[in-house]
Amino acid sequence: QVQLVESGGGLVQAGGSLRLSCTASGRTFSSYAMAWFRQAPGKEREFVAAVMWSNSNTRYADSVKGRFTISRDNAKNTVYLQIDNLKPEDTAVYYCAARLGMQFSDVPTRYDYWGQGTQVTVSS
């Protein structure tokens, strides 16, 4: 099993950048596909990005394509989400998630483990 803890959220002006981190416990981190989701007040949880077992295999939601970059460092048991050119509509709680398997998924229920979330607020 794995436990996930996110960090790096905060209040940022539109056009700025943030780098979110998700650190995992356990020695089998590299066996999990990792993803970031976000959820704004009154909205359903939304897929943001996913990475398989290496940084060569990634997927992004259309809404963040070109601005967000997901990456992982298996030696550090950490996955990152680099967010550039932040927009007010990016305001949400951001969650990292992990799942076993070899396939990508953008469905929250397919993920086995979740972090507690970190708040990102973008001012205009």
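Conventions we followed
Residues numbered from 1 in each chain as written. Predicted model: local features only at pLDDT ≥ 70, side-chain atom pairs only at ≥ 80, totals over all residues. Heavy atoms only, no water. Salt bridge = Lys/Arg side-chain N within 4 Å of Asp/Glu carboxyl O. Helix = DSSP H or I, 4+ residues; strand = E, 2+ residues; numbered from the N terminus. Buried < 20%, exposed > 50% of the residue type's maximum accessible area, 1.4 Å probe, protein only. Core = buried A, V, L, I, M, F, W, Y, C linked by side-chain atoms within 4.5 Å. Phe/Tyr/Trp six-rings, centres within 6.5 Å; stacked < 30°, edge-to-face > 60°. Lys NZ or Arg CZ within 6 Å of the ring centre and 35° of its normal.

## Focus on the pattern of salt bridges
Step number 1: Evaluated as defined, the whole model comprises four salt bridges.
Step number 2: A salt bridge links Arg-38 to Asp-90; its shortest N-O distance comes to 2.9 Å. Of this pair, Arg-38 sits in strand β4 (residues 32-39) while Asp-90 sits in the loop between β8 (78-83) and β9 (92-100), and the two are 52 residues apart along the sequence.
Step number 3: When its relative accessible area of 0% is taken as the criterion, Asp-90 is described as buried.

## Examining the nonpolar core
Most often, soluble globular proteins keep nonpolar side chains buried together rather than apart.
Step number 1: In this structure, Met-34, Trp-36, Leu-81 and Tyr-94 are the most contacted members of the largest nonpolar core, which totals 35 residues.
Step number 2: For this core, the secondary-structure elements that each account for two or more residues are β3 (18-24), β4, β5 (46-51), β7 (68-73), β8, β9 and β11 (118-123).

## Quick notes on the packing of aromatic side chains
Step number 1: For the structure shown, the criterion picks out six aromatic pairs.
Step number 2: Relative to Tyr-111, the ring of Phe-37 lies with its centre 5.3 Å away and its plane at 80°, an arrangement referred to as edge-to-face. With Phe-37 in strand β4 and Tyr-111 in the loop between β9 and β10 (113-114), this pair connects stretches of sequence that are 74 residues apart. An identical accessibility class is assigned to Phe-37 and Tyr-111; each is buried.
Step number 3: Joined through ring pairs, the aromatic side chains of Phe-37, Phe-47, Tyr-95, Tyr-111 and Trp-114 make up one cluster.
Step number 4: Its guanidinium or amino end placed over the ring of Tyr-80, Arg-19 lies 4.5 Å from that ring's centre, counting from NZ or CZ.
Step number 5: Just above the ring of Phe-29 sits the side chain of Arg-72; from NZ or CZ to the centre is 4.5 Å.

## Remarks on unusual backbone geometry
Note: most residues except glycine have negative phi, and most peptide bonds are trans.
Step number 1: You will see that Asn-77, though not glycine, has its phi angle at about 55°, which is positive.
Step number 2: Relative to the elements of secondary structure, Asn-77 occurs in the loop between β7 and β8.
Step number 3: Its identity is not glycine, yet Asn-85 carries a phi of approximately 50°, on the positive side.
Step number 4: Structurally, the position occupied by Asn-85 is in the loop between β8 and β9.
Step number 5: On the basis of relative accessibility, which here comes to 41%, the residue Asn-85 falls in the partly exposed class.

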